[in-house]
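Structural description and commentary
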Amino acid sequence: MAFVTHRLSRGFSSSAVRHVVIKNITIIGGGQMGAGIAQVAAATGHTVTLVDQHENILKKSVAGIEGGLKRVVKKMFADKPEAGTAFIQNVMKNVSISTDAASAVQSTDLVLEAIVENLKVKQSLFGGLDKVAPSHAIFASNTSSLPIADIASATGRLDRFGGLHFFNPVPVMKLVEVIATSSTSQETFDSLLNFSKALGKTPVSCKDTPGFIVNRLLVPYMMEAIRLTERGHGSREDIDTAMKLGAGYPMGPFELLDYVGLDTAKFIMDGWSAVDPGNPLFAPSEMLNKLVAEGKYGKKTGEGFYKYK
Ligand code: CAA
Ligand code: NAD
(Lines give C-alpha, C1' and ligand atoms only; values in the text may rest on other atoms or scores of the structure.)
(Ligands and ions follow the chains in the order given, each with its own letter.)
Protein backbone atom coordinates (compact mmCIF):
# COMPACT_ATOMS: atom_id res chain seq x y z
CA MET A 1 0.00 0.00 0.00
CA ALA A 2 1.19 3.55 -0.75
CA PHE A 3 -0.28 6.94 -0.05
CA VAL A 4 -0.03 10.06 -2.22
CA THR A 5 -0.84 13.60 -1.14
CA HIS A 6 -2.54 15.91 -3.66
CA ARG A 7 -5.15 18.65 -4.02
CA LEU A 8 -8.84 17.80 -3.71
CA SER A 9 -10.45 16.96 -7.03
CA ARG A 10 -14.19 17.10 -6.22
CA GLY A 11 -14.10 20.85 -5.94
CA PHE A 12 -15.32 20.95 -2.34
CA SER A 13 -12.26 22.65 -0.84
CA SER A 14 -8.66 23.27 -1.66
CA SER A 15 -6.98 21.47 1.24
CA ALA A 16 -4.54 18.66 0.54
CA VAL A 17 -5.60 15.04 1.14
CA ARG A 18 -4.03 11.62 0.75
CA HIS A 19 -5.33 8.84 -1.42
CA VAL A 20 -4.51 5.15 -1.46
CA VAL A 21 -2.58 4.05 -4.53
CA ILE A 22 -4.47 0.94 -5.57
CA LYS A 23 -2.10 -1.77 -6.78
CA ASN A 24 -3.46 -5.10 -5.53
CA ILE A 25 -7.10 -5.68 -6.31
CA THR A 26 -9.59 -8.42 -5.61
CA ILE A 27 -12.52 -8.75 -7.98
CA ILE A 28 -15.43 -10.80 -6.74
CA GLY A 29 -17.52 -12.26 -9.57
CA GLY A 30 -15.87 -13.69 -12.66
CA GLY A 31 -18.78 -13.12 -15.05
CA GLN A 32 -18.76 -10.81 -18.04
CA MET A 33 -18.06 -7.68 -15.98
CA GLY A 34 -15.62 -9.14 -13.44
CA ALA A 35 -13.54 -10.82 -16.13
CA GLY A 36 -13.52 -7.65 -18.24
CA ILE A 37 -12.38 -5.50 -15.32
CA ALA A 38 -9.72 -8.09 -14.45
CA GLN A 39 -8.41 -8.00 -18.04
CA VAL A 40 -8.05 -4.22 -18.04
CA ALA A 41 -6.58 -4.05 -14.53
CA ALA A 42 -4.01 -6.76 -15.24
CA ALA A 43 -3.06 -5.19 -18.58
CA THR A 44 -2.39 -1.87 -16.81
CA GLY A 45 0.00 -3.46 -14.31
CA HIS A 46 -2.27 -4.20 -11.36
CA THR A 47 -2.12 -7.46 -9.45
CA VAL A 48 -5.55 -9.07 -9.70
CA THR A 49 -7.20 -11.91 -7.83
CA LEU A 50 -10.44 -12.95 -9.47
CA VAL A 51 -12.91 -14.75 -7.20
CA ASP A 52 -16.01 -16.76 -8.09
CA GLN A 53 -18.00 -19.54 -6.56
CA HIS A 54 -16.76 -22.39 -8.74
CA GLU A 55 -13.46 -23.33 -10.34
CA ASN A 56 -15.14 -24.08 -13.69
CA ILE A 57 -16.55 -20.53 -13.90
CA LEU A 58 -13.09 -19.13 -13.20
CA LYS A 59 -11.57 -21.29 -15.94
CA LYS A 60 -14.04 -19.71 -18.37
CA SER A 61 -13.18 -16.24 -17.01
CA VAL A 62 -9.46 -16.84 -17.61
CA ALA A 63 -10.16 -18.10 -21.15
CA GLY A 64 -12.26 -14.97 -21.74
CA ILE A 65 -9.45 -12.72 -20.51
CA GLU A 66 -6.93 -14.47 -22.77
CA GLY A 67 -9.35 -14.14 -25.69
CA GLY A 68 -9.77 -10.43 -25.00
CA LEU A 69 -6.01 -9.93 -24.77
CA LYS A 70 -5.55 -11.68 -28.11
CA ARG A 71 -7.81 -9.06 -29.67
CA VAL A 72 -5.71 -6.29 -28.13
CA VAL A 73 -2.46 -7.92 -29.25
CA LYS A 74 -3.71 -8.37 -32.82
CA LYS A 75 -3.78 -4.59 -33.13
CA MET A 76 -0.93 -3.59 -30.79
CA PHE A 77 1.59 -6.10 -32.10
CA ALA A 78 0.29 -6.63 -35.64
CA ASP A 79 3.83 -7.03 -37.05
CA LYS A 80 5.42 -8.64 -33.96
CA PRO A 81 3.47 -11.78 -33.01
CA GLU A 82 6.21 -12.96 -30.61
CA ALA A 83 6.09 -9.69 -28.67
CA GLY A 84 2.30 -10.11 -28.57
CA THR A 85 2.60 -13.59 -27.07
CA ALA A 86 5.08 -12.28 -24.47
CA PHE A 87 2.69 -9.42 -23.63
CA ILE A 88 -0.17 -11.85 -22.98
CA GLN A 89 2.06 -14.07 -20.84
CA ASN A 90 3.20 -11.09 -18.77
CA VAL A 91 -0.34 -9.78 -18.29
CA MET A 92 -1.59 -13.22 -17.28
CA LYS A 93 1.13 -13.35 -14.59
CA ASN A 94 -0.80 -10.52 -12.91
CA VAL A 95 -3.96 -12.65 -12.68
CA SER A 96 -4.70 -15.29 -10.10
CA ILE A 97 -8.00 -17.00 -9.35
CA SER A 98 -9.64 -18.18 -6.16
CA THR A 99 -12.91 -19.58 -4.86
CA ASP A 100 -12.11 -18.36 -1.35
CA ALA A 101 -12.93 -14.64 -1.10
CA ALA A 102 -11.87 -14.36 2.56
CA SER A 103 -8.30 -15.46 1.89
CA ALA A 104 -8.12 -13.58 -1.41
CA VAL A 105 -8.61 -10.20 0.29
CA GLN A 106 -5.85 -10.64 2.90
CA SER A 107 -3.45 -8.11 1.37
CA THR A 108 -5.69 -6.25 -1.03
CA ASP A 109 -5.99 -2.49 -1.60
CA LEU A 110 -9.41 -2.72 -3.27
CA VAL A 111 -12.28 -5.21 -3.18
CA LEU A 112 -14.39 -4.66 -6.28
CA GLU A 113 -17.61 -6.61 -6.44
CA ALA A 114 -19.30 -7.67 -9.71
CA ILE A 115 -21.64 -10.45 -8.57
CA VAL A 116 -25.37 -10.90 -9.09
CA GLU A 117 -27.50 -7.72 -8.92
CA ASN A 118 -29.13 -8.54 -5.57
CA LEU A 119 -28.86 -6.31 -2.51
CA LYS A 120 -28.95 -9.05 0.14
CA VAL A 121 -26.31 -11.15 -1.64
CA LYS A 122 -24.02 -8.13 -2.05
CA GLN A 123 -24.54 -7.10 1.60
CA SER A 124 -23.77 -10.59 2.81
CA LEU A 125 -20.56 -10.70 0.74
CA PHE A 126 -19.27 -7.32 1.92
CA GLY A 127 -20.39 -7.87 5.53
CA GLY A 128 -18.24 -11.01 5.67
CA LEU A 129 -15.23 -9.50 3.91
CA ASP A 130 -15.28 -6.42 6.14
CA LYS A 131 -14.10 -8.61 9.02
CA VAL A 132 -11.09 -10.01 7.17
CA ALA A 133 -9.89 -7.38 4.67
CA PRO A 134 -7.09 -4.97 5.70
CA SER A 135 -8.38 -1.80 7.33
CA HIS A 136 -6.96 0.45 4.59
CA ALA A 137 -8.71 -1.52 1.83
CA ILE A 138 -11.42 0.25 -0.13
CA PHE A 139 -14.63 -1.60 -0.99
CA ALA A 140 -16.47 -0.79 -4.21
CA SER A 141 -19.48 -2.15 -6.03
CA ASN A 142 -20.04 -2.35 -9.78
CA THR A 143 -23.82 -2.42 -9.23
CA SER A 144 -25.94 -1.23 -12.14
CA SER A 145 -28.83 0.05 -10.07
CA LEU A 146 -28.64 -0.56 -6.31
CA PRO A 147 -27.92 2.26 -3.85
CA ILE A 148 -24.24 2.09 -2.88
CA ALA A 149 -25.14 3.31 0.63
CA ASP A 150 -27.47 0.31 1.12
CA ILE A 151 -24.72 -2.12 0.11
CA ALA A 152 -22.17 -0.30 2.29
CA SER A 153 -24.48 -0.43 5.31
CA ALA A 154 -23.50 -4.07 5.85
CA THR A 155 -19.94 -2.96 6.68
CA GLY A 156 -18.16 -0.84 9.25
CA ARG A 157 -16.16 1.06 6.62
CA LEU A 158 -18.67 3.55 5.25
CA ASP A 159 -15.91 6.11 4.60
CA ARG A 160 -13.95 3.56 2.55
CA PHE A 161 -16.88 2.45 0.40
CA GLY A 162 -17.90 3.77 -3.03
CA GLY A 163 -19.24 2.79 -6.41
CA LEU A 164 -17.14 1.97 -9.48
CA HIS A 165 -19.51 1.37 -12.35
CA PHE A 166 -17.95 -0.06 -15.52
CA PHE A 167 -19.60 -0.65 -18.88
CA ASN A 168 -19.89 -3.75 -21.00
CA PRO A 169 -17.62 -4.71 -22.77
CA VAL A 170 -15.18 -3.33 -20.21
CA PRO A 171 -12.04 -3.50 -22.39
CA VAL A 172 -13.78 -1.35 -25.02
CA MET A 173 -16.04 1.08 -23.13
CA LYS A 174 -14.03 4.06 -21.91
CA LEU A 175 -16.31 5.32 -19.12
CA VAL A 176 -16.29 4.59 -15.40
CA GLU A 177 -18.89 6.16 -13.12
CA VAL A 178 -17.34 6.87 -9.71
CA ILE A 179 -20.01 7.09 -7.05
CA ALA A 180 -19.68 8.72 -3.64
CA THR A 181 -22.27 8.21 -0.91
CA SER A 182 -22.74 10.85 1.77
CA SER A 183 -20.26 8.86 3.90
CA THR A 184 -17.57 8.21 1.27
CA SER A 185 -14.42 10.07 2.29
CA GLN A 186 -12.65 12.41 -0.09
CA GLU A 187 -9.58 10.17 0.18
CA THR A 188 -11.60 7.15 -0.96
CA PHE A 189 -13.25 9.06 -3.78
CA ASP A 190 -9.90 10.32 -5.04
CA SER A 191 -8.39 6.84 -4.81
CA LEU A 192 -11.21 5.44 -6.94
CA LEU A 193 -10.95 8.30 -9.41
CA ASN A 194 -7.21 7.80 -9.78
CA PHE A 195 -7.61 4.04 -10.07
CA SER A 196 -10.09 4.55 -12.95
CA LYS A 197 -7.56 6.79 -14.70
CA ALA A 198 -4.78 4.25 -14.09
CA LEU A 199 -6.95 1.75 -15.99
CA GLY A 200 -6.98 4.14 -18.96
CA LYS A 201 -10.65 5.01 -18.41
CA THR A 202 -12.40 8.36 -18.23
CA PRO A 203 -14.19 8.72 -14.89
CA VAL A 204 -17.26 10.83 -14.20
CA SER A 205 -18.44 11.75 -10.74
CA CYS A 206 -21.92 10.51 -9.78
CA LYS A 207 -24.34 10.89 -6.92
CA ASP A 208 -25.73 7.76 -5.30
CA THR A 209 -29.05 8.00 -7.18
CA PRO A 210 -30.87 5.16 -9.03
CA GLY A 211 -28.94 4.21 -12.17
CA PHE A 212 -26.38 6.99 -11.60
CA ILE A 213 -26.13 8.72 -15.03
CA VAL A 214 -25.95 6.19 -17.86
CA ASN A 215 -28.42 3.56 -16.66
CA ARG A 216 -30.96 6.16 -15.51
CA LEU A 217 -31.18 7.16 -19.19
CA LEU A 218 -30.34 3.88 -20.93
CA VAL A 219 -32.49 1.36 -19.05
CA PRO A 220 -35.83 3.25 -19.44
CA TYR A 221 -34.99 3.61 -23.16
CA MET A 222 -34.44 -0.15 -23.52
CA MET A 223 -37.61 -0.91 -21.55
CA GLU A 224 -39.59 1.47 -23.76
CA ALA A 225 -38.37 -0.48 -26.79
CA ILE A 226 -39.80 -3.67 -25.26
CA ARG A 227 -43.11 -1.90 -24.55
CA LEU A 228 -43.22 -0.68 -28.16
CA THR A 229 -43.05 -4.31 -29.28
CA GLU A 230 -45.53 -5.45 -26.62
CA ARG A 231 -47.99 -2.90 -28.02
CA GLY A 232 -47.39 -4.29 -31.51
CA HIS A 233 -45.95 -1.01 -32.73
CA GLY A 234 -42.74 -2.43 -34.17
CA SER A 235 -40.83 -5.71 -34.44
CA ARG A 236 -37.62 -6.13 -32.44
CA GLU A 237 -35.66 -6.38 -35.69
CA ASP A 238 -37.14 -3.16 -37.08
CA ILE A 239 -36.62 -1.29 -33.80
CA ASP A 240 -32.98 -2.42 -33.67
CA THR A 241 -32.42 -1.42 -37.29
CA ALA A 242 -34.14 1.91 -36.71
CA MET A 243 -32.02 2.86 -33.71
CA LYS A 244 -28.78 1.78 -35.39
CA LEU A 245 -29.40 3.52 -38.69
CA GLY A 246 -31.57 6.38 -37.49
CA ALA A 247 -29.83 7.30 -34.25
CA GLY A 248 -26.33 5.96 -34.92
CA TYR A 249 -26.31 3.58 -31.94
CA PRO A 250 -23.82 0.70 -32.31
CA MET A 251 -26.48 -1.80 -31.18
CA GLY A 252 -30.25 -1.67 -31.18
CA PRO A 253 -32.04 -1.86 -27.79
CA PHE A 254 -32.89 -5.59 -28.08
CA GLU A 255 -29.34 -6.48 -29.09
CA LEU A 256 -28.07 -4.42 -26.17
CA LEU A 257 -30.51 -6.01 -23.72
CA ASP A 258 -29.27 -9.44 -24.80
CA TYR A 259 -25.70 -8.21 -24.43
CA VAL A 260 -26.20 -6.77 -20.94
CA GLY A 261 -28.18 -9.84 -19.76
CA LEU A 262 -31.96 -10.03 -19.39
CA ASP A 263 -31.60 -11.29 -15.81
CA THR A 264 -29.64 -8.15 -14.93
CA ALA A 265 -32.18 -5.95 -16.75
CA LYS A 266 -35.01 -7.56 -14.78
CA PHE A 267 -33.15 -7.20 -11.46
CA ILE A 268 -32.71 -3.49 -12.23
CA MET A 269 -36.37 -2.95 -13.12
CA ASP A 270 -37.69 -4.97 -10.16
CA GLY A 271 -35.51 -2.96 -7.77
CA TRP A 272 -36.55 0.39 -9.15
CA SER A 273 -40.27 -0.41 -9.35
CA ALA A 274 -40.20 -1.62 -5.72
CA VAL A 275 -38.85 1.77 -4.66
CA ASP A 276 -41.04 3.87 -7.02
CA PRO A 277 -44.00 1.66 -8.05
CA GLY A 278 -46.03 4.47 -9.63
CA ASN A 279 -43.31 5.51 -12.07
CA PRO A 280 -44.36 4.36 -15.58
CA LEU A 281 -40.68 4.30 -16.65
CA PHE A 282 -40.12 1.48 -14.16
CA ALA A 283 -43.26 -0.56 -15.03
CA PRO A 284 -42.54 -4.29 -15.36
CA SER A 285 -42.66 -5.99 -18.75
CA GLU A 286 -44.40 -9.34 -19.26
CA MET A 287 -42.20 -10.10 -22.25
CA LEU A 288 -38.99 -9.56 -20.26
CA ASN A 289 -40.28 -11.49 -17.25
CA LYS A 290 -41.30 -14.45 -19.44
CA LEU A 291 -37.89 -14.70 -21.12
CA VAL A 292 -36.12 -14.58 -17.77
CA ALA A 293 -38.48 -17.22 -16.30
CA GLU A 294 -37.54 -19.46 -19.25
CA GLY A 295 -33.83 -19.01 -18.47
CA LYS A 296 -33.30 -16.96 -21.65
CA TYR A 297 -30.88 -14.38 -20.29
CA GLY A 298 -29.46 -13.25 -23.64
CA LYS A 299 -26.05 -13.80 -25.18
CA LYS A 300 -24.57 -15.43 -22.08
CA THR A 301 -27.11 -18.32 -22.15
CA GLY A 302 -27.36 -18.56 -25.95
CA GLU A 303 -30.85 -17.07 -26.22
CA GLY A 304 -32.73 -13.93 -25.21
CA PHE A 305 -34.63 -11.77 -27.65
CA TYR A 306 -32.42 -13.41 -30.28
CA LYS A 307 -30.67 -16.78 -30.57
CA TYR A 308 -26.85 -17.05 -30.48
CA LYS A 309 -24.52 -19.82 -31.60
N1 CAA B 1 -11.04 -7.05 -25.30
C2 CAA B 1 -10.36 -6.19 -26.08
N3 CAA B 1 -10.86 -5.63 -27.18
C4 CAA B 1 -12.12 -5.96 -27.53
C5 CAA B 1 -12.91 -6.84 -26.77
C6 CAA B 1 -12.31 -7.40 -25.61
N7 CAA B 1 -12.98 -8.24 -24.80
N8 CAA B 1 -14.12 -6.94 -27.35
C9 CAA B 1 -14.10 -6.17 -28.44
N10 CAA B 1 -12.90 -5.58 -28.55
C11 CAA B 1 -12.47 -4.65 -29.59
C12 CAA B 1 -12.25 -5.35 -30.92
O13 CAA B 1 -10.95 -5.86 -31.02
C14 CAA B 1 -12.50 -4.22 -31.90
O15 CAA B 1 -11.36 -3.38 -31.99
P16 CAA B 1 -11.00 -2.59 -33.34
O17 CAA B 1 -12.24 -1.87 -33.77
O18 CAA B 1 -9.88 -1.67 -32.95
O19 CAA B 1 -10.61 -3.66 -34.29
C20 CAA B 1 -13.58 -3.39 -31.23
O21 CAA B 1 -13.52 -3.73 -29.84
C22 CAA B 1 -14.97 -3.69 -31.76
O23 CAA B 1 -15.22 -5.09 -31.62
P24 CAA B 1 -15.97 -5.94 -32.76
O25 CAA B 1 -15.45 -5.58 -34.11
O26 CAA B 1 -15.91 -7.37 -32.36
O27 CAA B 1 -17.48 -5.59 -32.61
P28 CAA B 1 -18.33 -4.33 -33.00
O29 CAA B 1 -17.63 -3.37 -33.87
O30 CAA B 1 -19.59 -4.92 -33.46
O31 CAA B 1 -18.53 -3.62 -31.57
C32 CAA B 1 -19.36 -3.35 -29.37
C33 CAA B 1 -18.97 -4.35 -30.47
C34 CAA B 1 -18.11 -2.62 -28.88
C35 CAA B 1 -19.93 -4.18 -28.24
C36 CAA B 1 -20.38 -2.32 -29.95
O37 CAA B 1 -21.45 -3.00 -30.56
C38 CAA B 1 -20.93 -1.40 -28.88
O39 CAA B 1 -20.32 -0.41 -28.51
N40 CAA B 1 -22.16 -1.73 -28.40
C41 CAA B 1 -22.82 -0.94 -27.35
C42 CAA B 1 -22.28 -1.36 -26.01
C43 CAA B 1 -22.91 -0.59 -24.90
O44 CAA B 1 -23.76 0.27 -25.06
N45 CAA B 1 -22.49 -0.95 -23.68
C46 CAA B 1 -23.06 -0.39 -22.46
C47 CAA B 1 -24.10 -1.34 -21.92
S48 CAA B 1 -24.87 -0.74 -20.45
C49 CAA B 1 -23.81 -1.15 -19.23
O50 CAA B 1 -22.79 -1.75 -19.44
C51 CAA B 1 -24.17 -0.69 -17.85
C52 CAA B 1 -25.03 -1.58 -17.03
O53 CAA B 1 -24.96 -1.45 -15.80
C54 CAA B 1 -26.02 -2.52 -17.61
P1 NAD C 1 -22.74 -12.36 -14.64
O2 NAD C 1 -23.98 -13.14 -14.41
O3 NAD C 1 -22.06 -12.45 -15.96
O4 NAD C 1 -21.63 -12.73 -13.54
C5 NAD C 1 -21.86 -12.72 -12.17
C6 NAD C 1 -20.87 -13.70 -11.54
O7 NAD C 1 -20.91 -13.54 -10.13
C8 NAD C 1 -21.19 -15.16 -11.85
O9 NAD C 1 -20.03 -15.77 -12.41
C10 NAD C 1 -21.53 -15.77 -10.48
O11 NAD C 1 -21.10 -17.09 -10.34
C12 NAD C 1 -20.77 -14.84 -9.54
N13 NAD C 1 -21.28 -14.78 -8.18
C14 NAD C 1 -22.57 -14.64 -7.79
N15 NAD C 1 -22.63 -14.58 -6.43
C16 NAD C 1 -21.34 -14.70 -5.98
C17 NAD C 1 -20.74 -14.71 -4.69
N18 NAD C 1 -21.47 -14.59 -3.57
N19 NAD C 1 -19.39 -14.83 -4.60
C20 NAD C 1 -18.63 -14.94 -5.72
N21 NAD C 1 -19.16 -14.92 -6.97
C22 NAD C 1 -20.49 -14.81 -7.10
O23 NAD C 1 -23.11 -10.85 -14.30
P24 NAD C 1 -22.45 -9.51 -14.87
O25 NAD C 1 -23.15 -9.11 -16.10
O26 NAD C 1 -20.97 -9.66 -14.86
O27 NAD C 1 -22.90 -8.47 -13.74
C28 NAD C 1 -22.27 -8.43 -12.48
C29 NAD C 1 -22.61 -7.11 -11.78
O30 NAD C 1 -22.21 -6.01 -12.62
C31 NAD C 1 -24.10 -6.89 -11.49
O32 NAD C 1 -24.22 -6.16 -10.31
C33 NAD C 1 -24.55 -6.06 -12.69
O34 NAD C 1 -25.69 -5.29 -12.41
C35 NAD C 1 -23.33 -5.19 -12.89
N36 NAD C 1 -23.16 -4.65 -14.26
C37 NAD C 1 -23.52 -5.40 -15.34
C38 NAD C 1 -23.33 -4.88 -16.61
C39 NAD C 1 -23.71 -5.66 -17.83
O40 NAD C 1 -23.81 -5.08 -18.93
N41 NAD C 1 -23.91 -6.97 -17.74
C42 NAD C 1 -22.75 -3.62 -16.78
C43 NAD C 1 -22.36 -2.89 -15.63
C44 NAD C 1 -22.59 -3.42 -14.37
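Everything quoted here is computed from the prediction, not taken from an experiment.

Quick notes on the rules
Residues numbered from 1 in each chain as written. Chains lettered and ligands numbered in written order. Predicted model: local features only at pLDDT ≥ 70, side-chain atom pairs only at ≥ 80, totals over all residues. Heavy atoms only, no water. Pairing = 2+ DSSP bridges. Helix = DSSP H or I, 4+ residues; strand = E, 2+ residues; numbered from the N terminus. Axes fitted to C-alpha atoms, helices over the stretch in contact; angles between N-to-C directions. Contact = heavy atoms within 4.5 Å. Near = heavy atom within 4 Å. Polar contact = N/O pair within 3.5 Å; in protein donor to acceptor, adjacent residues only side chain to side chain. Areas by Shrake-Rupley, 256 points an atom, 1.4 Å probe, with all protein chains shown as cover.

Taken together, the 8 strands give an open sheet; going across it, the order is S5-S4-S3-S6-S7-S8-S9-S10, and neighbouring strands pair in mixed fashion. Whereas interior strands pair on both sides, the edge strands pair on one side only; in this sheet they are strand S5 (95-98) and strand S10 (202-207). In this sheet, neighbouring strand axes are inclined to one another by 25 degrees on average, regardless of whether the strands run parallel or antiparallel. In the sheet, strand S3 (residues 24-28) pairs with strand S4 (residues 47-51) via 5 bridges, with the strands oriented parallel. Note that in S4 the partner of isoleucine 27 across the bridge is leucine 50. The strands touched by helix H1 (residues 32-43) are S3, S4, S5 and strand S6 (110-113); relative to S4, the strand with the most contacts, the crossing angle is about 165 degrees.

In this section: the site of ligand 1. Taken together, 20 residues lie around ligand 1, and Arg71, Ser144, His165, Asn168 and Asn215 are the ones closest in. Here lysine 75 contributes a side-chain N or O atom positioned 2.9 Å from an oxygen atom of ligand 1. Separating a nitrogen atom of ligand 1 from a backbone N or O atom of asparagine 168 is a distance of 2.7 Å. Here ligand 1 has 1,100 Å² of accessible area as a free molecule, and 66% of this is covered by the chains. Where the shell around ligand 1 is concerned, the elements lending two or more residues are helix H2 (55-76), helix H8 (214-230) and helix H10 (253-260).

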